There are 2 protein chains.
Amino acid sequence: MNPARHVGNMTWTDSTCPVARTLDLVGDRWSLLIVRDAMDHARSFTDFQQRTGVARNILTDRLRRLVEHGILERETAISGRRQVYVLTEAGRDLFTIIVAMRQWGERHAFADDEAHSTLVDESGSPLGRLRPTNANGRRVDVDSTEVIRDGE
Amino acid sequence: MNPARHVGNMTWTDSTCPVARTLDLVGDRWSLLIVRDAMDHARSFTDFQQRTGVARNILTDRLRRLVEHGILERETAISGRRQVYVLTEAGRDLFTIIVAMRQWGERHAFADDEAHSTLVDESGSPLGRLRPTNANGRRVDVDSTEVIRDGE
């Protein structure tokens, strides 16, 4: 499922920039916290409300938008009695962004003696550090990369 | 420079979660577009205003907050006549998040025939795909990872 198919009538902030399109689709604090919680087993409106602490009207709006944008899908729970929200394939693929945000936060938004949650693999070990590389696996950074726009 | 030192009196949305702290510091659309442009040679108020197209009062607010949060620093331009904004070390380290957003957007927010800008290395080749891995370099995803909270 490609959200681009769902958003044919979006007004993009900067239509040729993939960073800007991503921000138009998921770039607000509550949307990304909802995605974070969906990755951590939250499914119902109440789950998201309790985890994020967001006001109900904002949560209603963000869930609706995430469905419209192809990030979440509504499903009927197995009990048949309530609606739940499940990540689409595109939503699940936001994992890399969430991990990048988590790792930046760990490096820059905590003092050394402050406790924080940790994301671990099946053996209980923290993940490796995400590092941008070129196609050959060599590390790159802001200084060694450049944005090329169409027609340049 | 660690933004945590600058934000001693922040009210965090979810204080033990590094994803949430990152979103509290940089998680709105305009802040991340400003960071994107700072990585692409924008320096002055006018640069940011022209690139993002954001309203001047919002830009003023977001630049002030990014300075307060330790992401940008104000400097006097070499000409001595105007202020410019330069990424701090923590701001430069947002590169991984910006690259992750760019790559997700390329995969999910563009139709096959739509043109978009590209981030390239010094040889002009696109970057490799960022992929979360465990400490041994093995790929992990939503299903093979888990959030551990303090005390669990």
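Shown above is the structure to which this text applies.
**Describing the overall build of chain A**
Looking only at helices and strands, chain A has six helices and four strands in total. Counting from the amino terminus, chain A carries its helices and strands in the arrangement α-α-α-α-β-β-α-α-β-β.

**Observations concerning helix α2 (residues 29-39) of chain B**
All names here are of chain B. A large share of α2 lies buried, amounting to ten of its eleven residues. When we look at burial in α2, the residues that qualify are W30, S31, L32, L33, I34, V35, R36, D37, A38 and M39. Just beyond α2, the residue with positive phi is H41, at close to 80°.

**Here's the deal with the nonpolar core**
One finds V35, I97 and I98 of chain A together with V35, I97 and I98 of chain B to be the most contacted residues of the largest nonpolar core, which totals 64 residues. Mapped by element, the contributors of at least two residues to this core are α1 (18-26), α2 (29-39), α4 (56-68) and α6 (95-108) of chain A together with α1 (18-26), α2, α4 (56-68) and α6 (95-108) of chain B. Aside from chain neighbours lying at most four places away, what touches I98 of chain B is V19 of chain A together with V35, R36 and M39 of chain B.

**So, unusual backbone geometry**
Keep in mind that most residues, glycine aside, have a negative phi and that most peptide bonds are trans. The backbone phi angle of H41 of chain A is positive, close to 80°, even though this residue is not glycine. The class of H41 of chain A is exposed, set by 10 C-beta atoms lying within 10 Å.

**Focus: the relation of the copies chain A and chain B**
Between the two chain copies there is a screw-like relation: a rotation about an axis and a shift along it. Rotating chain A by 180° about the axis while translating it 0.0 Å along that axis superimposes it on chain B, leaving an RMSD of 0.0 Å. The superposition operator between the copies reduces to a two-fold rotation axis. The rotation axis passes nearest to the C-alpha of D28 of chain A in chain A, at a distance of 2.4 Å. Here 100% of the interface residues in chain A have copies in chain B that are interface residues too; the copies meet face to matching face.

**Looking at the interface of chain A and chain B**
Accessible area lost upon the coming together of the parts is a frequently used measure of interface size. At the interface, 69 residues of chain A touch 69 residues of chain B. Listing elements by their share of the side of chain A that touches chain B, those giving two or more residues are α1, α2, α5 (89-92), α6, β3 (118-121) and β4 (145-148) of chain A. A per-element tally of the side of chain A that touches chain B places α6 of chain A first, with 13 residues.

**Brief notes about the packing of α6 of chain A against α1 of chain B**
For the pair α6 of chain A and α1 of chain B, the least separation of the axes is 7 Å and the interaxial angle reads 85°. Classified by the angle their axes make, α6 of chain A and α1 of chain B are roughly perpendicular. Across the interface between the two elements, I98, M101, R102, W104, G105 and E106 of chain A from α6 of chain A touch P18, V19, R21, T22 and L23 of chain B from α1 of chain B. Grouping the amino acids of the contact of α6 of chain A with α1 of chain B by side-chain chemistry returns six nonpolar, two polar and three charged.

Scoring rules and cut-offs
- Every chain is numbered on its own, with residues counted from 1 as its sequence reads.
- All chains are assigned letters beginning with A, and all ligands numbers beginning with 1, in the order in which they are written.
- With the structure being a predicted model, the display of local features is reserved for residues of pLDDT at least 70 and the display and counting of side-chain atom pairs for 80 or more, all residues being used for whole-chain, interface and lining totals.
- Helix and strand definitions follow DSSP, with helices as H or I runs of at least four residues and strands as E runs of at least two, each counted in order from the N terminus.
- Here the C-beta atoms are placed from the backbone, and a residue counts as buried if at least 20 other C-beta atoms lie within 10 Å of its own, exposed if 12 or fewer do, and partly exposed otherwise.
- A set of buried residues qualifies as a nonpolar core if it consists of Ala, Val, Leu, Ile, Met, Phe, Trp, Tyr and Cys joined through C-beta atoms within 7 Å.
- Once C-beta atoms have been placed from the backbone, residue pairs whose C-beta atoms lie within 7 Å are recorded as contacts.
- The atoms used to superpose the copies are C-alpha atoms, taken from residues with pLDDT of at least 70 in both, and the fit is least squares.
- Note on geometry: axes are C-alpha line fits, over the in-contact stretch for helices, and angles between N-to-C directions span 0 to 180 degrees.
- An angle below 35 degrees is read as roughly parallel, one above 145 as roughly antiparallel, one from 65 to 115 as roughly perpendicular, and any other as oblique.
- Under the scheme applied here, ten amino acids are nonpolar (Ala, Val, Leu, Ile, Met, Phe, Trp, Tyr, Cys and Pro), four are charged (Asp, Glu, Lys and Arg), and all others, including Gly, are polar.

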